[in-house]
Amino acid sequence: MTLSDTMRDSLNDQVKWELWSGYYYLSMATYFYEKNLPGFAKYWTVHAAEEQEHAMKIFKHIVERGGRVTLQTIEQPQTDWNSPLHVAEEVVEHERKVTGMINNLVTMAKSENDYATEVFLQWFIDEQVEEEEGAEKVYNQVKLAGDSGTALLMLDIEFAKKAAAKEED
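All values reported here derive from a predicted model rather than from experimental measurement.

Scanning the chain from N- to C-terminus turns up five helices and zero strands. Helices and strands in the chain line up, N terminus first, as α-α-α-α-α. Summarising its shape, the C-alpha atoms of the chain cover approximately 55 × 30 × 25 Å along the three principal directions. Residue burial in the chain is summarised as follows: out of 169 residues, 43% are buried. Within the chain, contacts between residues separated by at least 24 positions form 80% of all contacts whose residues are at least 6 apart in sequence. As presented, the chain carries roughly 9300 Å² of accessible surface, and 52% of it is formed by carbon and sulfur atoms.

In this section: the pattern of salt bridges. Applying the stated criterion to the full structure yields nine salt bridges. For Glu167, the salt bridge is made with Lys42, and the minimal N-O distance between the two is 2.9 Å. Taken together, the residues span a long stretch of sequence, with Glu167 in helix α5 (residues 149-168) and Lys42 in helix α2 (residues 38-64) at a distance of 125 residues. Classification of Lys42 by relative accessible area gives partly exposed; the value is 29%. The partner of Glu64 in a salt bridge is Lys60, with the nearest N and O atoms 3.7 Å apart. Placement of both Glu64 and Lys60 in helix α2 is noted, with a separation of four residues, approximately one turn of the helix. A single burial state applies to Glu64 and to Lys60, both of which are exposed. Connected through shared salt-bridge partners, Asp5, Arg8 and Asp9 make up one network.

With that out of the way, let us pick up the nonpolar core. Soluble globular proteins: nonpolar side chains tend toward being buried together. Core analysis: the largest hydrophobic core is formed by 28 residues, its most contacted members being Met28, Phe32, Phe40 and Trp44. The set of elements that each furnish at least two residues to this core consists of α1 (5-34), α2, α3 (84-111), α4 (115-145) and α5. When sequence neighbours within four positions are dropped, the list of residues in contact with Trp44 reads Tyr25, Met28, Ala29, Phe32, Val91 and Val138. Residues Val15, Val69, Phe120 and Phe124 belong to the second largest nonpolar core, which totals 16 residues.

Attention now goes to α4. In a regular helix each residue adds 1.5 Å, so 31 residues correspond to 45 Å; α4 covers 45 Å between its end C-alpha atoms and thus fits that length. The set of residues buried in α4 consists of Thr117, Phe120, Leu121, Phe124, Glu127, Gln128, Glu131, Ala135, Val138, Tyr139, Val142 and Ala145. With its phi angle positive at about 60°, Gly146 sits one or two positions after the end of α4.

Looking now at the packing of aromatic side chains. For the structure on display, the rule yields 13 aromatic pairs. Between Tyr31 and Trp81 the ring centres are 5.7 Å apart and the planes differ by 75°, which places this aromatic pair in the edge-to-face class. Of this pair, Tyr31 sits in helix α1 while Trp81 is found in the loop between α2 and α3, placing the two residues 50 residues apart along the sequence. Take Tyr31 and Trp81: they sit in the same class, and that class is buried. One aromatic cluster in this structure is built from Trp17, Trp20, Tyr24, Tyr25, Tyr31, Phe32, Phe40, Tyr43, Trp44, Trp81 and Phe159. The cationic tip of Lys97 hangs over the ring face of Trp17; the distance from NZ or CZ to the ring centre is 5.0 Å. Looking at Lys162, its charged tip hangs above the ring of Phe159, at a distance of 4.5 Å from the centre.

Cut-offs and rules
- Residues numbered from 1 in each chain as written.
- Predicted model: local features only at pLDDT ≥ 70, side-chain atom pairs only at ≥ 80, totals over all residues.
- Heavy atoms only, no water.
- Helix = DSSP H or I, 4+ residues; strand = E, 2+ residues; numbered from the N terminus.
- Buried < 20%, exposed > 50% of the residue type's maximum accessible area, 1.4 Å probe, protein only.
- Contact = heavy atoms within 4.5 Å.
- Areas by Shrake-Rupley, 256 points an atom, 1.4 Å probe, with all protein chains shown as cover.
- Salt bridge = Lys/Arg side-chain N within 4 Å of Asp/Glu carboxyl O.
- Core = buried A, V, L, I, M, F, W, Y, C linked by side-chain atoms within 4.5 Å.
- Expected span 1.5 Å × (residues − 1).
- Phe/Tyr/Trp six-rings, centres within 6.5 Å; stacked < 30°, edge-to-face > 60°.
- Lys NZ or Arg CZ within 6 Å of the ring centre and 35° of its normal.

So, in structure tokens, the structure goes:
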């Protein structure tokens, strides 16, 4: 069974958004490097690479189902934030948006009786549960640190460790 044109086009859109998410997280990494918080920067750099992997999973699914991948323009992401807390707030908002996109794809797959895509998207549903939980945790930790430079530096060390652990996975 090949992909419908509508499903193929929607999956191509998702490839774009996954790649854009990677750009977005790289932009956040740049912000943290400029703020001399290399642990946060490394964490977002690793997260950006994960978004690229997500895009490639969808890319591969389109190809395996006989569809044509059409790469789209990726707009420049935001490049500056007011504070680390502002970054964390935006991450939560962004991950919720991505969850909505994945849910829409699942709804479409169900309505088209495209069981292969529906099953394929289950991984993304599980991933988004993890992504939203992680984003909320980051937000709560940064919020708790507040304006304390010492607390942010301690978190920076923890985020460097988290990034290193993710790279080993």
